[in-house]
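Observations on the three-dimensional arrangement
Below are the chains, spelled out letter by letter.
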Amino acid sequence: MAKLQPLLILYGSQTGNAQDVAERVAREAARRHYAPRVLPADAYLPMVARLPAEPALVWVASTTGQGEPPDNMRQLWRVLLRKSLAPGSLAGLRAAVFGLGDSGYPKFNVTAKKLFRRLEALGAHMLLPVGLGDDQHRSGYEAALDPWLAQLWPALRAAFPLPAGLSEPAPTDTATELVCKYQVAWLSAEEAAAAQREAAQASGVQAGGSSACAAHAEALSAAAQFDRVEAAASGLPLALQQQGPEGQPSARAAGGPATSAGHDGASGADAGGYGPHRPYWARLTANKRITAPTHFQDVRLLDIDLGQSGITYQPGDVLAVVPQQSAAAVEALCRRCGWDPDAWVRVEPVCTQAAAAAVEAGTPPAAGEDNGSSAAAGACSCTVRLGALVAGALDINGASPRRFFFQVLHQFARGSELEEERLAYFASPEGRDDLYQYNQREGRTVLEACPRLKPRYFSIASSLAAHPHSAQLAVAIVDWATPFKRRRRGVCTSWLAALDPQEQGEVRLPVWVERGALRLPPSPATPLLMVGPGTGVAPFRSFLQDRQAGLLAGEGPRPAPCTLFFGCRNEAGDFYFREEWAAMQAQGVLAPAPGGLVTAFSRDGPAKVYVQHRICERAAEVWSALQAGACIYVAGSADKMPAAVAAAIEEVVAQQGGLARDQAAEYVRRLELTGRYQVEAWS
């Protein structure tokens, strides 16, 4: 058999999208007779000395926060940045980089751009320009990925000719062989009873907890166990499969949930070990609607008691929440698939074709690496109740299926030529836009797809200085109708909206804190220009509460007066925290009227007015603040607002500073590079 060309595929992924792209590249590479090997970037760290000898590399990287690399590539990225590396150290490497980003952020795809330049500086031969996927495109990153891959394969083939006796797939042939990553075994009644007893003994849920809390904890535990199996199936070395972000041990896999009654965490969120591998079960103390009863949108202010957890956070941080899915939805999926949700199963990784091909190509795993062998499968199996696994691991009613799901369905479509044809079309680049219409706009659910359940992240809307031992969230309840009038509700927000600690007794949420994209300047004497329409105002409430608490306590220098640009639809409907802003203005935390609090009520006048219009109207004040060293912060929807605000700031700089447009754009860019212009946007 012909020896296949090895292809190393690394990814840096924060939410799973870059991993999906890397696995798609691997599937298409295998179809073209390469021997792909897919790893999270930091998993390659023990083998980094081999990188100069690797023949070919494809690196997929997302950008997080204010231009930071994802957690699972930061260590390898630091190695590549070492000044001791010679300029030609990667001269033998053929490389390509694809990035995933959001053009709503100023530092769009900066991680991929920096990575491309660094590999090139180290002598790597770059096969094609960096690919720049954009979440703002209606088809997401795939709009850029499809043409980028169309250029990648010819470039790779020019560098590595096809082995004798093999042929390229036809351009119209987009089918990829379906490779199972997992092996599922149904347990006998005796085995299931033993597994159930063992799970009950290991449970960390307090005896006094509610049945809903116990079911939620069981689902999270099942998902945590499956995480290890997924890591092994994806090629993660065995030594790293028990680790969490930044190499920390996976506590979620090791134990049950923690509550203020059952776990005394060390000081600080990281010191307490809380995170996706061990959420803190915080008590919900209040759930109050802050929009008018007649307003079309329901927005809640949640008060979450962090108890004695020791969790701390800074203004601008985010609180992650893992939602509890509807029991009815779990039962409906199991019923549709003919499964018993109370059955117990054992899930193991299997040796993938890619791993086998890598061995065949002469690239055996390094010491400590397993590539999904039977030994790793045995070490990483999980035994769980099926209903708990579905509830904890699959996003049943939230995420829409990706294109690969339709490729998988096409493999099983039999007996209907129309179905086969339509599924093949949706799985192709040509069907991408129609897939968007059918899929994303209609919010198809897990009854048609099986994406992983992800935590939801909310900007914390309070300061620990003002609210010790608690965190507050401003949450807009997602409830909308598709073009075909099907009602869709957000998985997490609809669950949160239904929680009522006054009526339901003790209610707990699995949470942890993560560093946010926004950071206050170190000195309160620095003026702030904050732009936060809608719930985008949440982190700025945290900023201002922090400065207000310092002022009232007499700590440090008197804070510089700040300006908040707040936008909503109606003054009477969704003017959040109105009384608080007035109090802060009276205290001098916000600048005095007519500045300080600048509102844009888009539906209250004859013409729609947005925050970017108010910025231009206050051009002299904005320019004066910038000249005084002010920092600009923007938070809210990533759709059009961040770009419109950036354009307004450029207009102010050009007009008030007497600069040409290109000079104004460069001025704003310098603000970004020095941390004086920060954006947190979400789709």
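Residues numbered from 1 in each chain as written. Predicted model: local features only at pLDDT ≥ 70, side-chain atom pairs only at ≥ 80, totals over all residues. Heavy atoms only, no water.

1. So, the environment of Trp495
The condition is simple: Put simply, DSSP marks the helices as runs of H or I at least four residues long and the strands as runs of E at least two long, and each gets a number from the N terminus on. Burial classes follow relative accessibility: with a 1.4 Å probe on protein chains only, a residue under 20% of its type's maximum area counts as buried, one over 50% as exposed, and anything between as partly exposed. Residues count as neighbours in contact if any of their non-hydrogen atoms are within 4.5 Å of one another.
Considering the arrangement of structural elements, one finds Trp495 in helix H15 (residues 491-497). The exposure class assigned to Trp495 is buried, which follows from its relative accessible area of 11%. Counting along the chain gives 172 residues from Trp495 to Pro323, while the straight-line C-alpha distance between them is 6.9 Å. Setting aside residues up to four positions removed in sequence, Trp495 forms contacts with His216, Val321, Val322, Pro323, Gln324, Gly490, Leu509 and Pro510.

2. Considerations on the packing of helix H22 (residues 641-657) against helix H23 (residues 661-673)
Note the threshold: The axes are straight lines fitted to the C-alpha atoms, using for helices just the contacting stretch, and the angles between their N-to-C directions are given from 0 to 180°. Angle categories: roughly parallel below 35 degrees, roughly antiparallel above 145, roughly perpendicular from 65 to 115, and oblique for all the rest. Helix crossings get a hand from a simple test, with the near helix turned counterclockwise from the far one by less than a right angle marking a left-handed crossing and a clockwise turn marking a right-handed one. Residues are grouped as follows: Ala, Val, Leu, Ile, Met, Phe, Trp, Tyr, Cys and Pro are nonpolar; Asp, Glu, Lys and Arg are charged; all remaining types, including Gly, are polar.
One way to put it is that H22 packs onto H23 with a least axis distance of 8 Å and a crossing angle of 120°. On the basis of their axis angle, the class for H22 and H23 is oblique. Handedness of the crossing formed by H22 with H23: right-handed. Contact residues: Ile649, Glu650, Glu651, Val653 and Ala654 in H22; Arg661, Ala664, Ala665, Tyr667 and Val668 in H23. Of the residues contributing to the contact of H22 with H23, the split by class is seven nonpolar, no polar and three charged.

3. Quick word on the pattern of salt bridges
Going by this rule: Put simply, a salt bridge is a Lys or Arg side-chain nitrogen that is within 4 Å of an Asp or Glu carboxyl oxygen.
Counted according to the given criterion, the structure contains 20 salt bridges. Its salt-bridge partner being Asp146, residue Arg24 comes within 2.8 Å of it at the nearest N-O pair. Taken together, the residues Arg24 in helix H1 (residues 17-31) and Asp146 in helix H4 (residues 142-159) connect sequence positions 122 residues apart. The same class applies to Arg24 and to Asp146, which are both buried. Salt-bridge contacts for Asp71 lead to Arg74; the nearest nitrogen and oxygen are separated by 3.6 Å. Classification of Asp71 as partly exposed rests on a relative accessible area of 21%.

4. Some points on the pairing of strand S15 (residues 470-476)
What counts is decided by this rule: Any two strands between which DSSP finds at least two bridges are classified as paired.
Extensive coverage of S15 is indicated by the burial of six of its seven residues. Examined bridge by bridge, strand S10 (residues 299-305) and S15 share seven bridges and lie antiparallel to one another. Looking at the pairing, Leu302 lines up with Leu473 of S15.

5. A look at the nonpolar core
We count it as follows: Here, the term nonpolar core denotes a set of buried Ala, Val, Leu, Ile, Met, Phe, Trp, Tyr and Cys residues that are joined through side-chain atoms within 4.5 Å.
With 33 residues, the main nonpolar core has Ile304, Leu319, Val321, Leu473, Leu496 and Leu509 as its most contacted residues. At the level of elements, helix H6 (211-233), strand S9 (280-289), S10, strand S11 (318-321), S15, H15 and strand S18 (508-514) are the ones that each hand at least two residues to this core. Listed in part, the 32 residues of the second largest apolar core include Phe565, Ala630, Ala664 and Leu671.

6. Description of a nonpolar patch on the surface
Counted only if it meets this: Grouping into patches uses exposed residues only, defined as over 30% relative accessible area, and leaves out salt-bridged ones; the cut-off is 9 Å for like charges and 5 Å for nonpolar side chains (Val, Leu, Ile, Met, Phe, Trp, Tyr). The Shrake-Rupley method, run with a 1.4 Å probe sphere, supplies the accessible areas, and residue values consider only the shown protein chains as cover.
A contiguous nonpolar patch, built from Val184, Trp186 and Trp339 and spanning about 320 Å² of accessible area, is present on the exposed surface. Tracing the backbone through its elements, the reader meets Val184 in strand S7 (residues 182-186). Judged by relative accessible area, which is 49%, Val184 ranks as partly exposed.

7. Let's talk about the sheet that holds S7
If you trace the three strands from one edge of the open sheet to the other, you get S7-S12-S13, paired in antiparallel fashion. In this open sheet, the two edge strands, each paired with only one partner strand, are S7 and strand S13 (382-385). Sheet twist, expressed as the average angle between the axes of neighbouring strands with direction ignored, equals 30°. Looking at chain direction, strand S12 (residues 344-349) and S13 are connected through four bridges and run antiparallel. Bridge assignment links Val347 to a residue of S13, and that residue is Cys382. Lying over the sheet, helix H5 (residues 189-202) contacts S12 and S13, oriented at roughly 85° with respect to S12. Packing of helix H11 (residues 386-393) onto the sheet brings it into contact with S7, S12 and S13, and relative to S13 it is tilted by some 95°.

8. With respect to H4
For clarity, the threshold we go by: Expected helix span is given by 1.5 Å per residue-to-residue step, counting one fewer step than there are residues.
An ideal rise of 1.5 Å per residue puts 26 Å on 18 residues; H4 measures up with 25 Å between its terminal C-alpha atoms. Those residues of H4 not exposed but buried are Glu142, Ala143, Leu145, Asp146, Trp148, Leu149, Leu152, Trp153, Ala155, Leu156 and Arg157.

9. Quick notes on the sheet that holds strand S20 (residues 563-568)
Ordered by their spatial adjacency, five strands build an open sheet running S21-S20-S19-S22-S23, and the pairing between neighbours is parallel. The sheet is open, and its two borders are formed by strand S21 (597-601) and strand S23 (677-682), each paired with just one other strand. Averaged over all pairs of adjacent strands, the angle between their axes in this sheet comes to 10°, without regard to strand direction. Examined bridge by bridge, strand S22 (residues 631-637) and S23 share six bridges and lie parallel to one another. Bridge pairing links Tyr633 to Gln678 in S23. Strand contacts of helix H17 (residues 538-553): strand S19 (528-531), S20, S22 and S23, with the helix running at about 150° to S19, the strand carrying the most contacts.

10. So, the packing of H17 against helix H19 (residues 578-587)
Running from amino to carboxyl end, H17 crosses H19 at an angle of 40°, the nearest separation of the two axes being 11 Å. If you check the angle between H17 and H19, you find them oblique. Pair H17 / H19 crosses with left-handed handedness. For the pair H17 and H19, the contacting residues are Arg541, Leu544, Gln545, Gln548, Leu551 and Leu552 in the first and Glu580, Trp581, Met584 and Gln587 in the second. Residue composition of the contact of H17 with H19, grouped by class: five nonpolar, three polar and two charged.

11. Let's talk about the side chain of Glu54
Note the threshold: Only four residue types enter the charge count: Lys and Arg as positive, Asp and Glu as negative, with His and the chain ends excluded.
Tracing the sequence through the fold places Glu54 in the loop between strand S2 (34-40) and strand S3 (56-62). Look at Glu54: it is buried, it has no salt bridge, and the nearest opposite charge is Arg37 at 4.2 Å. For Glu54, the contacting residues outside a window of four places in its chain are Leu8, Arg37, Tyr44, Gly92 and Leu93.

12. So, the packing of aromatic side chains
Both the distance between ring centres and the angle between the ring planes are used here to describe each pair of aromatic rings. For clarity, the threshold we go by: Two aromatic rings, drawn from Phe, Tyr or Trp (for Trp, its six-membered ring), form a pair once their centres lie within 6.5 Å of each other, and the interplanar angle then sorts them: stacked below 30 degrees, edge-to-face above 60, tilted otherwise.
One pass over the structure, following the stated rule, counts 12 aromatic pairs. Aromatic pair Phe98 and Trp148: ring centres 5.3 Å apart, planes at 55°, arrangement tilted. Placement of the pair is Phe98 in strand S4 (residues 94-101) and Trp148 in helix H4, with a sequence separation of 50 residues. On the basis of relative accessible area, Phe98 is assigned to the buried category, the value being 0%. On the basis of relative accessibility, which here comes to 4%, the residue Trp148 falls in the buried class. The structure contains a cluster of three or more aromatic residues connected by ring pairs, namely Phe566, Phe575, Tyr576, Phe577, Trp581 and Phe601.

13. Focus: the UniProt feature "binding site: FAD" (unreviewed entry) in the chain
Convention followed: UniProt positions are given in the numbering used here, feature names are shortened, and annotations may be inferred rather than shown by experiment.
Residues given the UniProt feature "binding site: FAD" (unreviewed entry) here are Arg456, Tyr457, Phe458, Ser459, Gly490, Val491, Cys492, Thr493 and Trp682. Following the sequence through the fold, Gly490 ends up in the loop between strand S17 (487-489) and H15. The class for Gly490 is buried, based on a relative accessible area of 14%. The contact partners of Gly490, leaving out residues within four places of it in the chain, are Val478 and Trp495. Positionally, Thr493 belongs in helix H15. Residue Thr493 is classed as buried on the basis of its relative accessible area of 7%. Discounting chain neighbours no more than four positions away, the residues touching Thr493 are Phe458, Val475, Ala476, Ile477 and Val478.

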